[in-house]
Every structure is written in structure tokens, then in C-alpha cells.
Amino acid sequence: GENVEQHPSTLSVQEGDSAVIKCTYSDSASNYFPWYKQELGKGPQLIIDIRSNVGEKKDQRIAVTLNKTAKHFSLHITETQPEDSAVYFCAASRLASYDKVIFGPGTSLSVIP
Amino acid sequence: GAVVSQHPSRVICKSGTSVKIECRSLDFQATTMFWYRQFPKQSLMLMATSNEGSKATYEQGVEKDKFLINHASLTLSTLTVTSAHPEDSSFYICSAPLAGSAHNEQFFGPGTRLTVL
């Protein structure tokens, strides 16, 4: 089955700096890679996603890159703000109807004002 | 966007009792829903796939007789933790994909915090 790894497990950055979280996946059949933000005591919220036929996607301060050959994908947050502090999960899935999403172990991001 | 609700948000029960958690898709129909469990400072681990009108599919290592899943309608799936024990204390989260959305986007519920005394 699919296995998703994620690094680092914790990340502290100064407000305004960039944060980068990296993930790898094992199943070459995975072709959809969402990123979720989870605040304490809440369910995860989708913040950005990317399909395997795209190498990069950007949405304001958030960008995701994908290297399908190497099975790597990364999340980049620029101009970080204190409200970006949360746990971030990468995930992998097959873009089939209702396929399950496998989560990485998570990264706890702290943005220091 | 689509909304998934869970009830209750928190539950405390005694060891040996059973607890039912509901997951509802509020403004869309979901033939499939997913149940996850999340222990403190850990990731979401998929427990089972709930299928409307048929048996749930459980992930390896998840006891189907302990975690009963019923997906009786297109908007409701229930997870019953039977004979709960303290080690079952966890954050239970459901999700439902929205058919027709980009990438069959999954919408997650707010979670249910279960504490077994």
C-alpha cells in the first residue's frame, strides 16, 4: 500500500520568512497530492492540491511542487504569518472515484511573531 | 463549500460501554465516507471506508467487530465503538468526497473527541 513520509516533523520560522515542508510517497499509481492544515481540536482543511500531470501550482502565498519521477512533493509558504501556525499534512491518493487518502505524519509549524 | 458534520463533538464514557458517532454530509450526498482515527500528536490513520448500502471495508489491523460502521443513507454514516476501553480514546474524524468536484475533493468533519474512562 501507499506510504507517505514527511519532513520536518517540527518547524519554527520567524514571521515573514518562508517555510518548506517536504514529502515522499511510495505508490507510483498515486496521482493526486493534497495538503491539509489542521488547527488544534479541529478537522483538517484542504489548503492546496496538485495532480501528477502538473509540476507546480501556486495560490497566493502557498505553492506546491511535484517531482513525479522522484516521488517527491513539497509545500512552500512565503511571507509566513502567525496564523499560519498549525499542523500541516501532506497526503497521496489515486484520482479515482472516492479513493482513500493516505496522510503523511505531519509537520507542526510555528511562526514566531 | 460542502459541509460535513459530526456528532457528538466530545464524548466521555465508561470502559465497557458502546459509543456511536455520526457523520453527516449536510448539503451533498455521499455514497462513500471514510473514518479516520488520530491519536495525540500523530497523523490521521484510515480505519475504514464506509459504503452506502453495503459492508464497510476495513484497513488492516482494524477490528470490524469492535468498530461497527453503518452507512444507511446517502448523507449519514455512523461509527459505533463497542465495548470501549481507555486505549480507544482518540480523535475520530470522518470525511466524504464531493462527487463532481475537482479531484473528488474530500471534505472532513470537525472530529469527535472520545475519552474512555
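Residues numbered from 1 in each chain as written. Chains lettered and ligands numbered in written order. Predicted model: local features only at pLDDT ≥ 70, side-chain atom pairs only at ≥ 80, totals over all residues. Heavy atoms only, no water.

Engineer: Got a minute to help me understand the packing of aromatic side chains in this structure?
Structural biologist: The geometry of an aromatic ring pair is captured by the separation of the ring centres together with the interplanar angle, meaning the angle of the planes. Under the counting rule described, the total for this entry stands at twelve aromatic pairs over all chains. Note on Y36 of chain A and F108 of chain B: the rings are 5.1 Å apart at their centroids and 80 degrees apart in plane angle, and the pair reads as edge-to-face. Here Y36 of chain A, found in strand β4 (residues 32-38), pairs with F108 of chain B, found in strand β10 (residues 106-108), and the two come from separate chains. Note on F108 of chain B: relative accessible area 7%, which makes it buried. For the pair F67 of chain B and Y92 of chain B, a centre-to-centre distance of 6.5 Å together with 40 degrees between the ring planes defines the contact as tilted. Here F67 of chain B, found in strand β7 (residues 67-73), pairs with Y92 of chain B, found in strand β9 (residues 90-97); they are 25 residues apart in sequence, far enough to count as distant. With respect to class, F67 of chain B is no different from Y92 of chain B; both count as buried. One aromatic cluster is present, formed by Y36, F89 and F103 of chain A together with Y36 and F108 of chain B through successive ring pairs. The cationic tip of K66 of chain B hangs over the ring face of F67 of chain B; the distance from NZ or CZ to the ring centre is 6.0 Å. (Phe/Tyr/Trp six-rings, centres within 6.5 Å; stacked < 30°, edge-to-face > 60°. Helix = DSSP H or I, 4+ residues; strand = E, 2+ residues; numbered from the N terminus. Buried < 20%, exposed > 50% of the residue type's maximum accessible area, 1.4 Å probe, protein only. Lys NZ or Arg CZ within 6 Å of the ring centre and 35° of its normal.)

Engineer: Sorry, what's going on with the pairing of strand β1 (residues 4-7) of chain A here?
Structural biologist: Within a regular strand, the side chains alternate between the two sheet faces. Residue and element names in this part refer to chain A. Side chains of β1 alternate between two faces, with V4 and Q6 buried and E5 and H7 left unburied. By the bridge criterion, four bridges tie β1 to strand β3 (residues 19-25) in an arrangement that is antiparallel. Residue pairing in the sheet places H7 in a bridge with K22 of β3. (Pairing = 2+ DSSP bridges.)

Engineer: Which parts of the structure should I look at to understand the state of the cysteines?
Structural biologist: As used here, a disulfide is simply a covalent bond connecting the sulfur atoms of two cysteines. Residues and elements named next belong to chain A. Taken as a whole and assessed by the stated rule, the structure comprises two disulfides over all chains. The disulfide partner of C23 is C90, and the S-S distance across this bridge is 2.0 Å. Between C23 and C90 the sulfur-sulfur dihedral comes to about -100 degrees; the bridge is accordingly left-handed. Of this pair, C23 sits in strand β3 while C90 sits in strand β9 (residues 86-92), and the two are 67 residues apart along the sequence. (Disulfide = S-S within 2.5 Å.)

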